[in-house]
Amino acid sequence: MYIEHLQLKNYRNYKELEIPFDNKVNVILGENAQGKTNVMESIYVLAMAKSHRTSNDKDLIRWDEEYAKIEGRVKKRHGSIPMELVISKKGKKAKCNHIEQQKLSQYIGNMNVVMFAPEDLHLVKGSPQVRRRFIDMEIGQVSPVYLHDIGQYQKILQQRNHYLKLLQLKKQTDMTMLDILTEQFIETAVKIISKRFEFIQLLENWAIPIHKGISRDLETLKIHYKPSVDVSEDQVLSKMVEVFEEKFLKVKTREIERGVTLFGPHRDDLLFHVNNRDVQTFGSQGQQRTTALSLKLAEIELIRSEINEYPILLLDDVLSELDDFRQSHLLNTIQGKVQTFVTTTNVDGIDHQTLKEASTFKVESGWIEKIQ
């Protein structure tokens, strides 16, 4: 899978941009604040219908404009697919193959991307929210059902929190409504948790040998999904439901006092162990970076195993953050297999055949041109 062509209109600092790309490594060179990351972000947004940098879609629209538009043509095994995303103050409209998609969950997954940016190096040591977002975005790319379930879960969580707040403030006293919301909440929560367990198992299967390779066979990585409720991956859904019901019965009074839902997938986390030691707490910076890199490379292989095509890889200013050995390992892994976009201020000091054979683009003040 690769993107053949990208077109932007009123996107960030680009008034208009139209550019073809090769199915190999594409290096985007430029000084800071010239717009190289905006090109990278636009490819991500075209695929995922949301940015990895901001949760406010209005940030993507060029100053003083009404809308932003991203168009791309994606080449897959069975032909080319035109994709289009229009972002306005009213919301988003997505088209795939010229047909408007009624739900974003139907649109996402037509083009698969893996983003690796400096903030992803904080995947291991950052907040649980960063890791939950990582899980949700990656499963969502290969499972529209999961995306739908996450959307439902967020709605029910919002309703339940609102109702708990009303109970806390004594503006409501009806417990039946809380019981109904709790039942709906549990039903969706166990589906999400079950899918996350399955995903983490697959991810770990790919990540273990990759991590061994990067650590020169000195380290073994283990990934553990840690739900906020005491359920396990070998439990059937009905058993998980029972555990949740018991938990919520115990904390009902506390939740009303606090006015918020205390447990569920929105409070879960991932744990990483290298040679049986918690990397988040006891790992060196090098071990944390190796773990993050292993996860990203595993993600590429996992998506390929699920959809039978390699996703597009976006390396946003991350090569300079890796030492020579990890750089080489990353570039060797993708060489000739994955369409890759690399943003950097310069390629001096990165001595690798992959970059020597790359297409190179220069970005300056919201303008981009091919120089090699």
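Residues numbered from 1 in each chain as written. Predicted model: local features only at pLDDT ≥ 70, side-chain atom pairs only at ≥ 80, totals over all residues. Heavy atoms only, no water.

Moving on, we come to a negative patch on the surface. A cluster of acidic side chains, namely Glu-183, Glu-187, Glu-245 and Glu-246, defines a negative patch on the protein surface. Of all the secondary-structure elements, those providing two or more residues to the negative patch are helix 5 (175-214) and helix 6 (237-258). Position of Glu-187 relative to the elements: it lies in helix 5. For Glu-187, a relative accessible area of 48% corresponds to the partly exposed category. (Patch = residues over 30% accessible without salt bridge, like charges linked within 9 Å, V, L, I, M, F, W, Y side chains within 5 Å. Areas by Shrake-Rupley, 256 points an atom, 1.4 Å probe, with all protein chains shown as cover. Salt bridge = Lys/Arg side-chain N within 4 Å of Asp/Glu carboxyl O. Lys, Arg positive; Asp, Glu negative; His and termini not counted. Charge placed at Lys NZ, Arg CZ, Asp CG, Glu CD. Helix = DSSP H or I, 4+ residues; strand = E, 2+ residues; numbered from the N terminus. Buried < 20%, exposed > 50% of the residue type's maximum accessible area, 1.4 Å probe, protein only.)

This part is about the packing of helix 8 (residues 285-307) against helix 9 (residues 324-334). Viewed as axis vectors pointing N to C, helix 8 and helix 9 meet at an angle of 5 degrees, and their least axial separation amounts to 11 Å. As the angle between them shows, helix 8 and helix 9 are arranged roughly parallel. Each of Gly-286, Gln-287, Arg-289, Thr-290, Leu-293 and Leu-297 in helix 8 lies in contact with helix 9, whose residues at this interface are Arg-326, His-329, Leu-330 and Thr-333. (Axes fitted to C-alpha atoms, helices over the stretch in contact; angles between N-to-C directions. Parallel < 35°, antiparallel > 145°, perpendicular 65-115°, else oblique. Contact = heavy atoms within 4.5 Å.)

Let us now look at unusual backbone geometry. For His-98, which is not glycine, the phi dihedral falls at a positive 70 degrees. When you line up the elements, His-98 lands in the loop between strand 6 (91-96) and strand 7 (99-100). Despite not being glycine, Asp-317 shows a phi value in the positive range, around 60 degrees. Structurally, Asp-317 is set in the loop between strand 12 (312-316) and helix 9. Accessibility expressed as a relative area gives 23% for Asp-317, which makes it partly exposed.

Bringing the packing of helix 3 (residues 128-142) against helix 5 into the picture now. Closest axis-to-axis distance for the helix 3/helix 5 pair is 11 Å, and the angle between their directions is 90 degrees. Comparing their axes, helix 5 and helix 3 come out roughly perpendicular. Facing helix 3, whose interface residues are Arg-132, Phe-134, Ile-135, Asp-136, Glu-138 and Ile-139, helix 5 presents Lys-195, Arg-196, Phe-199, Ile-200 and Leu-203. Tallied by class, the residues present in the contact of helix 3 with helix 5 amount to six nonpolar, no polar and five charged. (Nonpolar A, V, L, I, M, F, W, Y, C, P; charged D, E, K, R; others polar.)

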